[in-house]
Amino acid sequence: MPDQLLSTEEYRALGETDRGFTELVEGRVVPSPGAGRTHNLAACRLAGQLERQLPHSLAFVLGTDLDLDLAPKGEPGFSRRPDLLILDRAAGDPIRTTDVTVVVEIATSHSRRTDYRVKHDEYADAGIPHYWIVDLTEPVTLVACQGYRDAPPVTGTFTTEVPFPVKIDLDALLD
């Protein structure tokens, strides 16, 4: 890992590591622990449910870096790797916050504080319009956040019309 603080451009230039993935937080490269089978299966099942319901103008990607644009170019930056992104189908690479409609993080016991507090505020600061936190602690819940406002947790079926009509069977995300 580099000893100096990195901009998002310098971070992207590092490429992938051979020991899991990393994120960039205030210029520091932060390793992320492995997600585990249950987490990864839930992400895939969620993606499957979303794929059938997304408007044609939107697409999803799993585990892709997102430059949060929270620092001026060349300054120590922020790059997160959300579990799932819903974005403009025409988005380029790297993905920018202006391309993103929804960021989804799947919270587990190891990531709960980061997902509910740290990433919540970073995504709001970055202007991400919608942030969904799916918590796999039974019963599975989804908290829909718009900026700093959070809706109450939903169990069973999450239904919304904003930012697009969707119905998600939360119980189907686990075995």
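Every chain is numbered on its own, with residues counted from 1 as its sequence reads. Only residues with pLDDT of 70 or above have their local features reported here, since the model is predicted, and side-chain atom pairs are shown and tallied only from 80 upward, although totals for entire chains, interfaces and linings are computed over all residues. Where side-chain values are given, they derive from all heavy atoms of the structure, hydrogens and water being excluded.

## Here we look at the overall build of the chain
A count of helices and strands for the chain gives three helices and 14 strands. Computation of the radius of gyration draws on C-alpha atoms, with the globule rule given as 2.2 Å multiplied by the number of residues to the power 0.38. A compact globule built from 175 residues would reach a C-alpha radius of gyration of about 16 Å, and the chain, at 16 Å, matches this within 12%. In terms of its C-alpha atoms, the chain occupies a principal-axis envelope of roughly 45 × 30 × 25 Å. When burial is assessed residue by residue, the chain has 43% of its 175 residues classed as buried. Contacts are assigned to residue pairs with any non-hydrogen atoms lying within 4.5 Å of each other. Contacts spanning at least 24 positions in sequence make up 55% of the contacts within the chain whose residues lie at least 6 apart. Summing over all exposed atoms, the chain offers an accessible surface of approximately 9200 Å²; the carbon and sulfur share of this is 50%. Each helix is a run of H or I in the DSSP string that is no shorter than four residues. Each strand is a run of E no shorter than two, and both are numbered from the N terminus. Remark: exposure states derive from per-residue accessible area (1.4 Å probe, protein chains only) relative to the maximum for the residue type, with buried under 20%, exposed over 50%, and partly exposed in between. What sets the accessible areas is the Shrake-Rupley method with a 1.4 Å probe; for residues, cover comes only from the shown protein chains.

## Some remarks on the pattern of salt bridges
The salt bridge criterion pairs a side-chain nitrogen of Lys or Arg with a carboxyl oxygen of Asp or Glu, the two atoms within 4 Å. Following the criterion strictly, the structure yields eleven salt bridges and no others. A salt bridge links Glu-9 to Lys-73; its shortest N-O distance comes to 3.7 Å. With Glu-9 in helix 1 (residues 8-14) and Lys-73 in the loop between strand 4 (66-67) and strand 5 (79-80), this pair connects stretches of sequence that are 64 residues apart. Lys-73 gets classed as exposed once you look at its relative accessible area, which sits at 73%. The closest approach of N and O atoms between Asp-65 and Arg-81, which form a salt bridge, is 3.0 Å. Of this pair, Asp-65 sits in the loop between strand 3 (58-62) and strand 4 while Arg-81 sits in the loop between strand 5 and strand 6 (84-88), and the two are 16 residues apart along the sequence. In this structure Asp-65 comes out as partly exposed when scored by relative accessible area, which is 24%. Each member of the salt-bridge network shares a partner with another, and the members are Glu-23, Arg-80, Glu-105, Asp-115, Lys-119 and Glu-122.

## Topic: the pairing of strand 8 (residues 100-107)
The side chains of a regular strand alternate between both faces of the sheet. Counting buried residues in strand 8 gives eight out of eight residues, a clear majority hidden from the surface. A pair of strands is treated as paired once DSSP finds two or more bridges between them. Bridge analysis of strand 6 against strand 8 gives four bridges, and the strand direction is antiparallel. Looking at strand 8, one finds that Leu-84 is bridged to Val-104. Relative to strand 9 (residues 130-135), strand 8 is paired through six bridges, and the arrangement is parallel. Residue pairing across strands places Glu-105 opposite Ile-133, the latter belonging to strand 9. In terms of handedness, the path from strand 8 via helix 3 (residues 112-125) over to strand 9 forms a crossover that is right-handed. If the strands point away from the viewer and the path from the first strand over the helix to the second runs clockwise, then the crossover is right-handed.

## A look at unusual backbone geometry
Cis geometry marks the peptide bond from Glu-138 to Pro-139; its omega dihedral reads 0 degrees. Topologically, Pro-139 is positioned in the loop between strand 9 and strand 10 (141-146). In this structure, Pro-163 follows Val-162 across a cis peptide bond, with omega equal to 10 degrees. With respect to the helices, strands and loops of the structure, Pro-163 is situated in the loop between strand 13 (157-160) and strand 14 (166-169). At Glu-26, a position not held by glycine, the phi torsion is positive, near 50 degrees. Of note, Glu-26 is situated in the loop between strand 1 (22-25) and strand 2 (28-31). Taking the relative accessible area as the measure of exposure, Glu-26 reaches 46% and is therefore partly exposed. Despite not being glycine, Asp-69 has its phi angle at roughly 50 degrees, a positive value. Inspection of the secondary structure puts Asp-69 in the loop between strand 4 and strand 5.

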